[in-house]
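Chain by chain, the residues run as shown.
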Amino acid sequence: MNAIRSLALFVVLTGIGPTLGFSASPLTFEKDVRPILKAHCFHCHGESGVKEAELDVRLRHWIVAGGDSGEAIVVGNPDDSLLLERVASGDMPPGDKNLSDGDIATLREWIQQGAKTARDEPESLDAGDYITEEERAFWSFQPISHPKIPAVASSRVATPIDAFVLQRLESQGLAFSETADRYTLIRRATFDLWGLPPDPESVEAFVHDPSPNAYKNLIDRLLASPRYGERWGRHWLDVAGYADSDGYTNTDVEREFAYFYRDYVIDSFNDDKPLDQFIVEQLAGDELVDDAGGSGDLTPQRIAQLAATGFLRTAPDGTAAGGAERDLAINSTIADTIDIVSTSLLGLTVGCARCHDHRYDPISQADYHRLRAIFEPALDWKKWKTPMHRRISLYTEADKQARAAVEARAKAATDARTRRQQEHLDRTLYEELLVVPDDVREPLKAAYQTEKAKRTTEQVALLEEYPSVASISAGSLYLYSQQRARRANDIEKEAAEREARYVTEAQQKLAAESPDVVVSAKSLEQHHPTGFAEVLRYREAAAICRKLDSKKKLADLQSEIAEIRSTAPKEKFLRVLTEPVNHTPESHLFIRGDHNQLGQIVEPGELTVLQSFTPVEIVANDSDRSTTGRRLAYARHLTSGKHPLLARVLINRIWLHHFGRGIVDSPGDFGRLGSEPTHPELLDWLADDLMRSGWKLKRMHRMMMLSTTYTQASHRTEKLDRVDPDNRLYARMSIRRLESEAIRDAMIAATGVMTSEMHGPPVPVKEDAVGQIVLGKEKLDGERKPTGEDSDFEGVSRRSVYVQVRRSRPLAVLETFDIATVSPNCTERNFSNVAPQSLLLMNSQFAIDHAERLADQMIREDDDPAEQISQAWKQCFGSSIENTVLVEMMDFIEKQTAAFRARNTKLTPGAAHRLALASACQAMFSTNEFLYVD
């Protein structure tokens, strides 16, 4: 223990010092002491039946009773209290997680005051979870109220939001800032709703629109575009933990059809699907229709409901990968799924209660397993289904018929290839037999054509002697094709030898009758027609052998078959979560989170603390359904309008994406370790209004974005920086850095090459030759090293939401600017400001390519350098360039052009200007004005 801590403990234990004296109000066990012991001591002293030294500290009277060493505290006498002595010395808790000096002071003061409780304690905790009234009273567990809109006298109140915000501002002597100019408003609104910069034409139209409803009409136009669903779908995909790969192991297996869930999310936002329906479909879309396996009649609506259950399939899943311990991988997947559900919908870190009671929130380990039991019929770890077995085919009857017709054509083509292949086999055999001795030709042919099992010993020996015949097969034809020249030469040699022999025979036959006649190759046909015919047969065979390429012919036929099959409708699958029919597994608490140590049986249920005001029963098996109905019952409970968390969590997340921070600044944690709401009445009013107005998200966008709170300028003042430096009271708009996807998309949009294609398989990513993750289809050489470039492949200019999310391979340009890390999900993005970001904008091929594309576009549209710069500026920022900046940029381009020509004397003036203009465009991409929105 160091000297500073020793001094601090001396102060604590002796009561010296003005700040560590007795508190004004009496301390109680439930409010002041139990949270300390729960965070540091329950794990070893009471929880899950573990009582080291026979000491249980979960109740006050058990602490007084003590353990093996006697009573743990002496009421009214902290100096003789063993518990205080052990924690003050640092001996307990073991390890380096000592209690803080403040916690130790609280324990001492509580004992000194008489170790009081707020109320009578239960005699035991065997009856169930023990939650104190103080824990139940925490703000986020209370029912959502319907606060009255504050009555504030101000013409700046445009929506009820402003009344709540302004009331708080006035209490601090503050007021709203002035309204932002129209250039700022359209850029802010377009990035908020589309994740893209506004095009110059839209900016000019809005800025000069005389209508008093110009801004309102702008918001409506932005909300009506499919770009809106892509932008806000991305936000939800973060919290859902969406990925196109399984993660868990290094193999990171790709999820071929995960994109159906991504497309469902985008379409749901574009359709303004009520958020309660959106949540129910994701938790229990398969149970909305009671059919075996969840498929039924695959109407578009049914497909959407099933695709929605992909929400429960986003967690890392190593159960299909080799090398993973199966039961551990299964239970890790289930645990990650519970984490995703709880942080995204409840805003609670329920996963912290997986192995023991939650250290800070009133969530017991039994609570965790009750929540898990809701999902257990579909995620049964003892009867686990791998990802491949959790798919539903989208093949229709028409698709099947079309595939059957294609397959019939492919079979006909396959039969034709088989016949052609046999012809080549016969031809090869014929050619090889031409060069064997005449006396073995027929026996060798017979041996080859005899079934292997029926060959005689002599035939086997003969084939071993002539392996060039024995090795002929469909699989080796390509080798014989490669040896065509050798075989043709052998046949021609044999033809020449036979020709010479037949000439000699003919000459000898004519010697007695016509000694003057000379037989030659030319006259062989006249004097030895049979021999001539045989020689001719050999030479024709050699010519065919040289000409005929069986490898190419058969490959062409195989390609034709593949082409035919490629016309068949591709079978696609939905990745879903469904329950087996009539399957009600028994759920257990896992002792210390170990699936090999089964504890008590638990029934499905809501967290105990959330049932204080809205009790609910999740029946283990709905007798009216073929499935248990647990998930559907839970989903309907969440969206009933009475749940204290769901609407608060959702509306807080909407606020976060419009204002840069949530009303609760920990969107995934509404518990004690999270932030308390800065405007609790506003949070409840918005949550209540969301539910009362039919859970419509676009309506909430309009209310927030039409408010004075949202339309303020972002200018800082000395007073604001002194009173509210973090802008938690919203007396101005906060400047926000764009997310990684918005930065990439803005660069693509500025060049004018972004495609509007929606839906479908993701744009693939790969590792390039230097190890960076870039867009492209992976091509590897024989040593499995990356090869080839794909800078212009189809899809390279699609929006970032359609880029493949590989957990092990985040796209470099996105990762550098803080892409969401889905392990298992991301409730809030980080926003860093680090050197690699500047280096990427300076040196990455992506930035260079798009700067050159923007320069090329400007050059095509105008040959005046000043106009080129001005238009590029508009493309990047939406506003007109100031004259002083234009002069500086012109001077920069002039110097850059000269520098490029000095470096390379072969450059033409036009080529050098193009490079200089591209440098200027790249500089624009690197500015704060491009990377931030105010």
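All values reported here derive from a predicted model rather than from experimental measurement.

Caption draft 1: Molecular detail of the side chain of Glu432. Structurally, Glu432 is set in helix α17 (residues 397-434). Not counting residues within four places of it along the chain, the set of residues in contact with Glu432 comprises Ser468, Val469, Ile472, Tyr480, Arg486 and Arg487.

Caption draft 2: Layout of the packing of helix α35 (residues 845-861) against helix α38 (residues 909-925). At a minimum axis separation of 8 Å, α35 and α38 run at an interaxial angle of 120 degrees. Classified by the angle between their axes, α35 and α38 sit oblique to one another. Where α35 crosses over α38, the two elements pack in a sense that is right-handed. Across the interface between the two elements, Ala847, Ile848, His850, Ala851, Glu852, Leu854, Ala855, Asp856, Met858 and Ile859 of α35 pack against His913, Arg914, Leu915, Leu917, Ala918, Cys921, Gln922 and Phe925 of α38.

Caption draft 3: Focus on the pattern of salt bridges. Inspection of the entire model under this criterion finds 58 salt bridges. With a shortest N-O distance of 2.9 Å, Arg58 and Asp56 are connected by a salt bridge. A relative accessible area of 6% means that Asp56 is categorised as buried. The closest approach of N and O atoms between Glu407 and Arg565, which form a salt bridge, is 2.6 Å. Taken as a pair, Glu407 in helix α17 and Arg565 in helix α25 (residues 550-566) lie far apart in primary sequence, 158 residues in all.

Caption draft 4: Just the packing of aromatic side chains, in detail. The tally for this structure, following the rule as stated, stands at 25 aromatic pairs. A centroid spacing of 5.6 Å and a plane angle of 65 degrees characterise the contact between Phe659 and Tyr730, whose relative ring orientation is edge-to-face. On the criterion of sequence distance, the pair formed by Phe659 in helix α27 (residues 646-659) and Tyr730 in the loop between α31 (718-723) and β5 (736-737) is long-range, its members being 71 residues apart. The exposure classification of Phe659 matches that of Tyr730, with both residues buried. Put simply, the rings of Trp236, Tyr242, Tyr261, Tyr264, Phe269, Phe278 and Phe311 touch in pairs and so form one group of aromatic residues. Above the plane of the ring of Phe206 lies Arg182, whose end atom (NZ or CZ) is 5.0 Å from the centre. The ring of Tyr802 has Arg798 lying over it, and the distance from NZ or CZ to the ring centre is 4.2 Å.

Caption draft 5: Broad picture of the nonpolar core. By size, the foremost hydrophobic cluster in this structure holds 130 residues, and its most contacted members are Trp236, Leu283, Phe311 and Leu686. With near-sequence residues (within four places) excluded, Leu686 lies in contact with Ile161, Ile651, Trp655, Ile663, Met700, Met703 and Met704. In terms of nonpolar packing, the next biggest core, distinct from the first, is built from 48 residues, Val763, Leu840, Cys876 and Ile881 among them.

Caption draft 6: Molecular detail of the packing of α35 against helix α36 (residues 865-877). Here α35 crosses α36 at 130 degrees, and the two axes come no closer than 9 Å. Relative to α36, the element α35 is oriented oblique. Seen from above, α35 lies across α36 with right-handed handedness. When α35 is examined against α36, the residues Leu854, Gln857, Met858, Ile859 and Glu861 are found in contact with a partner set consisting of Gln868, Gln871, Ala872, Gln875 and Cys876. For the contact of α35 with α36, a count of residues per class yields 5 nonpolar, 4 polar and 1 charged.

Caption draft 7: Highlighting a negative patch on the surface. A cluster of acidic residues, Asp181, Glu882, Glu929 and Asp934, forms a negative patch at the surface. With respect to the secondary-structure elements, Glu882 resides in the loop between α36 and α37 (883-903).

Caption draft 8: Highlighting helix α24 (residues 529-547). Relative to the 27 Å expected for 19 residues at 1.5 Å per residue, α24 spans 27 Å between its end C-alpha atoms, a close match to the ideal helical length. Elements that come into contact with the buried residues of α24 comprise α17, α18 (438-449), α22 (484-510) and α23 (524-527).

Caption draft 9: Quick look at the environment of Arg853. With respect to the element layout, Arg853 can be found in helix α35. Along the chain, Arg853 and Cys921 lie 68 residues apart, while their C-alpha atoms are 9.3 Å from each other.

Caption draft 10: Structural view of the side chain of His369. Following the sequence through the fold, His369 ends up in helix α16 (residues 365-375). A distance of 3.3 Å separates a polar atom in the side chain of His369 from the backbone nitrogen of Phe590. Apart from the residues lying within four places of it in its own chain, the contact partners of His369 are Arg354, His588, Leu589, Phe590 and Val602.

Caption draft 11: Region of the structure containing unusual backbone geometry. Following Met92, the chain continues to Pro93 via a peptide bond in cis, the omega torsion being -10 degrees. A cis amide bond links Ser823 with the next residue in sequence, Pro824, at an omega value of 0 degrees. Here Pro824 is to be found in the loop between α33 (812-816) and α34 (835-843). The residue Asp272 is not glycine, and still its phi comes out positive at about 55 degrees. Tracing the sequence through the fold places Asp272 in the loop between α12 (259-270) and α13 (275-284).

Caption draft 12: Highlighting the environment of Asp818. Looking at where Asp818 falls in the secondary structure, it is placed in the loop between α33 and α34. For Asp818, a relative accessible area of 14% corresponds to the buried category. Along the chain, Asp818 and Ser832 lie 14 residues apart, while their C-alpha atoms are 7.0 Å from each other.

Definitions and limits used
Residues numbered from 1 in each chain as written. Predicted model: local features only at pLDDT ≥ 70, side-chain atom pairs only at ≥ 80, totals over all residues. Heavy atoms only, no water. Helix = DSSP H or I, 4+ residues; strand = E, 2+ residues; numbered from the N terminus. Contact = heavy atoms within 4.5 Å. Axes fitted to C-alpha atoms, helices over the stretch in contact; angles between N-to-C directions. Parallel < 35°, antiparallel > 145°, perpendicular 65-115°, else oblique. Left-handed = near helix turned anticlockwise from the far one by under 90°. Salt bridge = Lys/Arg side-chain N within 4 Å of Asp/Glu carboxyl O. Buried < 20%, exposed > 50% of the residue type's maximum accessible area, 1.4 Å probe, protein only. Phe/Tyr/Trp six-rings, centres within 6.5 Å; stacked < 30°, edge-to-face > 60°. Lys NZ or Arg CZ within 6 Å of the ring centre and 35° of its normal. Core = buried A, V, L, I, M, F, W, Y, C linked by side-chain atoms within 4.5 Å. Nonpolar A, V, L, I, M, F, W, Y, C, P; charged D, E, K, R; others polar. Patch = residues over 30% accessible without salt bridge, like charges linked within 9 Å, V, L, I, M, F, W, Y side chains within 5 Å. Areas by Shrake-Rupley, 256 points an atom, 1.4 Å probe, with all protein chains shown as cover. Lys, Arg positive; Asp, Glu negative; His and termini not counted. Charge placed at Lys NZ, Arg CZ, Asp CG, Glu CD. Expected span 1.5 Å × (residues − 1). Polar contact = N/O pair within 3.5 Å; in protein donor to acceptor, adjacent residues only side chain to side chain.

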